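Survey of secondary and tertiary structure
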Amino acid sequence: MTSGAMGQLLRQLPEGGTLWVRGLGRSMWPLLRSGDSLQVLRCAAEAVAPGDVAVLLRADGGLTAHLVTGTSPVRTASLLGKEDPSAELLGRVIRVRTRGMEWPVPVLTRPLFRAAQRLGTTAFRSPVLRAARHLAREWGTSAWTRPGRARWLGALTVRPLRPGEEEALLVFAGHHLPHAVAELGPALARGAGLAVGAFDARGRLRGFTYAEEGSARVRWRVVAPVARGLGVDGALARELAREARARGWEAPSPPLHRPGG
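Residues numbered from 1 in each chain as written. Predicted model: local features only at pLDDT ≥ 70, side-chain atom pairs only at ≥ 80, totals over all residues. Heavy atoms only, no water.

This part covers the overall build of the protein. A count of helical and extended segments in the protein gives seven helices and eleven strands. Taking 261 residues into account, the globule formula puts the C-alpha radius of gyration at 18 Å, and the protein, at 20 Å, falls close to it. Residue burial in the protein is summarised as follows: out of 261 residues, 43% are buried. Counting contacts in the protein only where the partners sit at least 6 residues apart, residues at least 24 apart contribute 61% of the total. A total of about 13,800 Å² of accessible surface is found on the protein, and carbon and sulfur atoms cover 57% of it. The average position of the 37 basic charges and that of the 21 acidic charges among the side chains of the protein differ by 7 Å. (Helix = DSSP H or I, 4+ residues; strand = E, 2+ residues; numbered from the N terminus. Rg over C-alpha atoms; globule rule 2.2 N^0.38 Å. Buried < 20%, exposed > 50% of the residue type's maximum accessible area, 1.4 Å probe, protein only. Contact = heavy atoms within 4.5 Å. Areas by Shrake-Rupley, 256 points an atom, 1.4 Å probe, with all protein chains shown as cover. Lys, Arg positive; Asp, Glu negative; His and termini not counted. Charge placed at Lys NZ, Arg CZ, Asp CG, Glu CD.)

So this is what it looks like as C-alpha cells:
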C-alpha cells in the first residue's frame, strides 16, 4: 500500500481508532529508524501536546511523523528542529515496533522527546559539532578504515532485486535517500524499472541503483557510507548494464543522483 493510500485510510478512521503504518525516512533518527512500524491513534488537535510524535498528512498525500513543538495551531518539526509547513493532523504515535521489539510511547515521554529535540537542534546548529560530524564521516569512509569495513561486511553480492525485496530497498532508501521514496515506492509496486542491489555477507542491503524501464536513464545510485570506497559503485553500474543488455534495453546513462561510491 502506498503512503498516499495509507494516509487516506488513516484519515477515514474514527477518533480513537488505531492503525499501524510503516515509517520511511531519517528525520527522527535515532528515536525512529527508517522501516519502523508506528501505531497511530486517530485524534483531534486538542489531544496532542508538545513532545508527542504527531502523524501529519502532507499536501502531496504523503505522511510525516514529527514532534509537536506547539499547539493552537499545532506546529511540528523534525528531531533536528526543521519546522514543517502546515499539514493536516491525523493522530499521534502510541507504540513503535523496531528490530523485533515493541515499546509504548506514553505521554510521560513528552519531556524526554522535547529535550532530545532541543539537544539535536543545538548539535545541528553548532559549527564546532558540525565540523566534528564532518570529520567523523570523512574518517569513517577513508582509506584508513577500508580494510576493517571490508572484513566486517564480508563478501559483497551485487545482483538484481528479487520479488519480496522491495520493502528492504524502500527502508534503505528511506534512510539514505528520503526524497526518492515517494517516487520509488509506486514504481517498485508496479514492478517497473530495474533495481540492482549490493548485499553484504549477512544479506543486508548496502547500496542500490535503479534505472527507468526500457530507457537509458539511471534514476538513482546510492551506496551506504560503510561500503564506500570498496568498489560497490562500479559493481552496481556494471551489473545494471549487464542486466539492461540482457533485457534488450539501451545502455544506462550516468545516474541523476549518486551519493557515495
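Let us look at the sheet that holds strand β11 (residues 218–223). Strand order in the open sheet made by the four strands is β8-β9-β10-β11, with antiparallel pairing throughout. Each edge of the sheet is formed by a strand with only one pairing partner; in this case those strands are β8 (157–160) and β11. Taking the axes of each pair of neighbouring strands and ignoring which way they run, one obtains an average angle of 15 degrees across the sheet. Two strands pair when backbone bridges link them, and strand β9 (residues 194–199) and strand β10 (residues 205–211) are joined in this way by six bridges, in the antiparallel orientation. Paired with A198 across the two strands is G207, which belongs to β10. Contacting β9, β10 and β11, helix α6 (residues 181–190) runs over the sheet at an angle of about 75 degrees to β10. Sitting on the sheet, helix α7 (residues 232–246) touches β8, β9, β10 and β11, and the angle it makes with β9 is about 145 degrees. (Pairing = 2+ DSSP bridges. Axes fitted to C-alpha atoms, helices over the stretch in contact; angles between N-to-C directions.)

Applying the stated criterion across every chain yields a total of 14 salt bridges. Across the pair E243 and R247 runs a salt bridge, and its minimum N-O distance is 3.1 Å. Residue E243 is classed as buried on the basis of its relative accessible area, which comes to 14%. Judged by relative accessible area, R247 falls into the partly exposed class, the value being 41%. Members of the salt-bridge network, linked through shared partners, are E239, R242, E243 and R247. (Salt bridge = Lys/Arg side-chain N within 4 Å of Asp/Glu carboxyl O.)

What follows covers unusual backbone geometry. Omega for the peptide link from W29 to P30 comes to 5 degrees, which places this bond in the cis form. Along the chain, P30 falls in the loop between β1 (18–22) and β2 (37–42). Here the amide bond leading from S72 into P73 is cis, since omega sits at 0 degrees, within 30 degrees of zero. For P73, the position within the fold is in the loop between β4 (63–70) and β5 (75–77). A positive phi is found at S72, a non-glycine position, where the angle reads about 55 degrees. Mapped onto the elements, S72 comes out in the loop between β4 and β5. Phi at R99 takes a positive value of approximately 50 degrees, unusual for a residue other than glycine. Residue R99 is classed as exposed on the basis of its relative accessible area, which comes to 68%.

Attention shifts here to the environment of V171. Following the sequence through the fold, V171 ends up in helix α5 (residues 166–176). Separated by 124 residues in the primary sequence, V171 and A47 place their C-alpha atoms 30 Å from one another.

Note that all results are geometric; they support no functional claim without further evidence.
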